[in-house]
Amino acid sequence: AAGVIQSPRHLIKEKRETATLKCYPIPRHDTVYWYQQGPGQDPQFLISFYEKMQSDKGSIPDRFSAQQFSDYHSELNMSSLELGDSALYFCASSASERDWETQYFGPGTRLLVL
Amino acid sequence: GESVGLHLPTLSVQEGDNSIINCAYSNSASDYFIWYKQESGKGPQFIIDIRSNMDKRQGQRVTVLLNKTVKHLSLQIAATQPGDSAVYFCAETSGGTSYGKLTFGQGTILTVHP
């Protein structure tokens, strides 16, 4: 079965650079969620989108922004990167019309800020 | 704020034994709970879920128990196998103003010895 696709899988950036993470949800899933997971930590909710509109917002820094496009894929834009932004970034998707609460996670993007 | 946490951060078992992983939550409005399995370098993988109007749900080799009185959740894995070795997270969502946002617990590292 098709799963959530994230790209790139690994990313190395310098401080103060920008990064763009992409997420392609499971086909026919219309809701996308972004989570950040630090080393040895549990995933922390950043932001979510439903039908291209922001549906909820968590502990996302102002330096980060995200959007969902007409094909339901989503991008997380990160600017002025800091060392503390080094983490795993997961995207998850769900289908609002059925079982909307069950989120399926992608493999993640490992971001390293030097 | 509200949180979901785990009693035990590590659990070591022998192959073939049954495993029990526990989770305490504090949000009395939580109405949907999910257990995820996360292997090293991978995204959380859905295992089983349960709604607050249930106290038990069974899957293939897994059972989730919910005790709303004491706000406690457990995951039981029968005949644990080496492939079950991973970090296990409980997560909850309460719908309402937190549409779909998952709050994760600390995570328990399960190690299965052959």
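Structure first, text after, so check above.
Residues numbered from 1 in each chain as written. Chains lettered and ligands numbered in written order. Predicted model: local features only at pLDDT ≥ 70, side-chain atom pairs only at ≥ 80, totals over all residues. Heavy atoms only, no water.

Engineer: I'd love a proper account of the sheet that holds strand β7 (residues 64-68) of chain A, names of residues and values included.
Structural biologist: Residues and elements named next belong to chain A. Reading across the sheet, the four strands line up as β1-β3-β8-β7 and stay open at both edges, with antiparallel pairing between neighbours. Here the strands that pair on one side only, and so sit at the sheet edges, are β1 (5-7) and β7. The sheet shows a mean angle of 15 degrees between the axes of neighbouring strands, taken without regard to direction. Pairing analysis gives three bridges linking β1 to strand β3 (residues 19-24), with the strands arranged antiparallel. Residue pairing in the sheet places Ile5 in a bridge with Tyr24 of β3. (Pairing = 2+ DSSP bridges. Helix = DSSP H or I, 4+ residues; strand = E, 2+ residues; numbered from the N terminus. Axes fitted to C-alpha atoms, helices over the stretch in contact; angles between N-to-C directions.)

Engineer: Would you mind going over the packing of aromatic side chains in detail, with residue names and values included?
Structural biologist: The tally for this structure, following the rule as stated, stands at twelve aromatic pairs over all chains. With 5.7 Å between their ring centres and 85 degrees between their planes, A:Tyr35 and B:Phe104 make a pair best called edge-to-face. Taken together, the residues A:Tyr35 in strand β4 (residues 31-37) and B:Phe104 in strand β10 (residues 103-104) connect one chain to another. Aromatic pair B:Phe89 and B:Phe104: ring centres 5.9 Å apart, planes at 90 degrees, arrangement edge-to-face. Highlighted residues: B:Phe89 in strand β9 (residues 86-93) and B:Phe104 in strand β10, separated in sequence by 15 residues. (Phe/Tyr/Trp six-rings, centres within 6.5 Å; stacked < 30°, edge-to-face > 60°.)

Geometry only, nothing functional implied.
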